[in-house]
Amino acid sequence: MSEKYIARSSQIAARMLGGEMMVMSSVDSTFFTLNEVATAIWQAADGRTSLTEIVARNVCDEFEVDIDIARRDAEQFVNELSHHGILLVSDRPFDSAGPDFAGPVEAA
C-alpha cells in the first residue's frame, strides 16, 4: 500500500458543536457529522503527516483499536470525504502554500 497524506480542503465549513465535528462541502453542500475517531483523523489532517502515522498515533493509541482495522476504516473515511472535496489526498506531503490547503485547524 502506498502512503497517503491528507489535508483539509479550504472549500469547506467546519465547526465543533456539542462535542461533534460538523463538516460541509461548499462544492456540493454535502454535510457530515463526524464521530470521535473521524474527528481525530480530521483534526490531524495537516497535509504533512501520513495517514498511517495519524491512524497509529491518533486512533490506535487513543481508542485502542487494531491497526489493520483502524487503517481500513480510515481509508474508507478518507475516500468518502475526498470524493466530496472535503479532504485532499496525495502520495506526497502537501505544500502548505497550495491553493486548496486549509492549514492547521484549532479545536473550539
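Cut-off values and rules
Residues numbered from 1 in each chain as written. Predicted model: local features only at pLDDT ≥ 70, side-chain atom pairs only at ≥ 80, totals over all residues. Heavy atoms only, no water. Pairing = 2+ DSSP bridges. Helix = DSSP H or I, 4+ residues; strand = E, 2+ residues; numbered from the N terminus. Axes fitted to C-alpha atoms, helices over the stretch in contact; angles between N-to-C directions. Core = buried A, V, L, I, M, F, W, Y, C linked by side-chain atoms within 4.5 Å. Buried < 20%, exposed > 50% of the residue type's maximum accessible area, 1.4 Å probe, protein only. Contact = heavy atoms within 4.5 Å. Left-handed = near helix turned anticlockwise from the far one by under 90°. Salt bridge = Lys/Arg side-chain N within 4 Å of Asp/Glu carboxyl O.

A.B. asks: Would you explain the sheet that holds strand E5 (residues 46-50) in this entry?
C.D. replies: In a beta sheet, neighbouring strands are held together by backbone hydrogen bonds and run either parallel or antiparallel to one another. An order of E5-E1-E6 is seen for the three strands of this open sheet, with the pairing classed as antiparallel. Every other strand in the sheet has two partners, leaving E5 and strand E6 (87-90) as the edge strands with one partner each. Averaged over neighbouring strand pairs, the angle between their axes works out to 25° when direction is ignored. In terms of strand pairing, strand E1 (residues 5-8) meets E6 through four bridges, oriented antiparallel. Bridging across to E6, Ile-6 finds its partner in Val-89.

A.B. asks: Could you clarify how one ought to interpret the nonpolar core in this entry?
C.D. replies: Across soluble globular proteins, nonpolar side chains have a tendency to be buried as a group. Core analysis: the largest hydrophobic core is formed by 22 residues, its most contacted members being Leu-34, Ile-41, Trp-42, Phe-77 and Leu-81. Of all the secondary structure elements, the ones that give two or more residues to this core are strand E3 (20-25), strand E4 (31-34), helix H1 (36-44), helix H2 (51-63) and helix H3 (67-83). When neighbours within four sequence positions are excluded, Leu-34 is seen to be in contact with Glu-20, Met-21, Val-23, Thr-39, Trp-42, Phe-77 and Leu-81.

A.B. asks: In this structure, what is going on with the packing of H2 against H3? I would like to understand it.
C.D. replies: When two helices pack together, their arrangement is given by the angle between the helix axes and by the axis-to-axis distance. Closest axis-to-axis distance for the H2/H3 pair is 10 Å, and the angle between their directions is 115°. The element H2 and its partner H3 pack so that their crossing is right-handed. Facing H2, whose interface residues are Leu-51, Thr-52, Val-55, Ala-56, Val-59 and Cys-60, H3 presents Ile-67, Ala-70, Arg-71, Ala-74, Glu-75 and Val-78.

A.B. asks: Teacher, can you tell me more about the sheet that holds strand E2 (residues 12-17) here?
C.D. replies: Taken in spatial order, the three strands make up an open sheet running E2-E3-E4, and their pairing is antiparallel. The two strands at the open ends of the sheet, each matched to only one other strand, are E2 and E4. Going across the sheet, the axis of each strand differs from the next one's by a mean of 15°, ignoring polarity. As judged from the six bridges shared by E2 and E3, these two strands associate in the antiparallel manner. The residue of E3 that forms the bridge with Arg-15 is Met-22.

A.B. asks: Is there a simple way to explain the environment of Val-27 in this structure?
C.D. replies: Residue placement: Val-27 occurs in the loop between E3 and E4. For the pair Val-27 and Ile-12, spaced 15 residues apart in sequence, the C-alpha to C-alpha distance is 7.8 Å. Excluding anything up to four places from it in sequence, Val-27 contacts Gln-11 and His-84.

A.B. asks: Please clarify how the pattern of salt bridges should be interpreted in this entry.
C.D. replies: A side chain with one charge can pair with a side chain of the opposite charge if their charged atoms come near. Taken as a whole and judged by the stated rule, the model has four salt bridges. Ionic pairing is found between Glu-53 and Arg-57, a salt bridge with its closest N-O pair at 2.9 Å. Taken together, the positions of Glu-53 and Arg-57, both in helix H2 and four residues apart, correspond to about one turn of that helix. Measuring nitrogen to oxygen at the nearest pair gives 3.5 Å for the salt bridge that ties Asp-68 to Arg-71. Pair noted here: Asp-68 and Arg-71 are both in helix H3, with a separation of three residues, about one helical turn.

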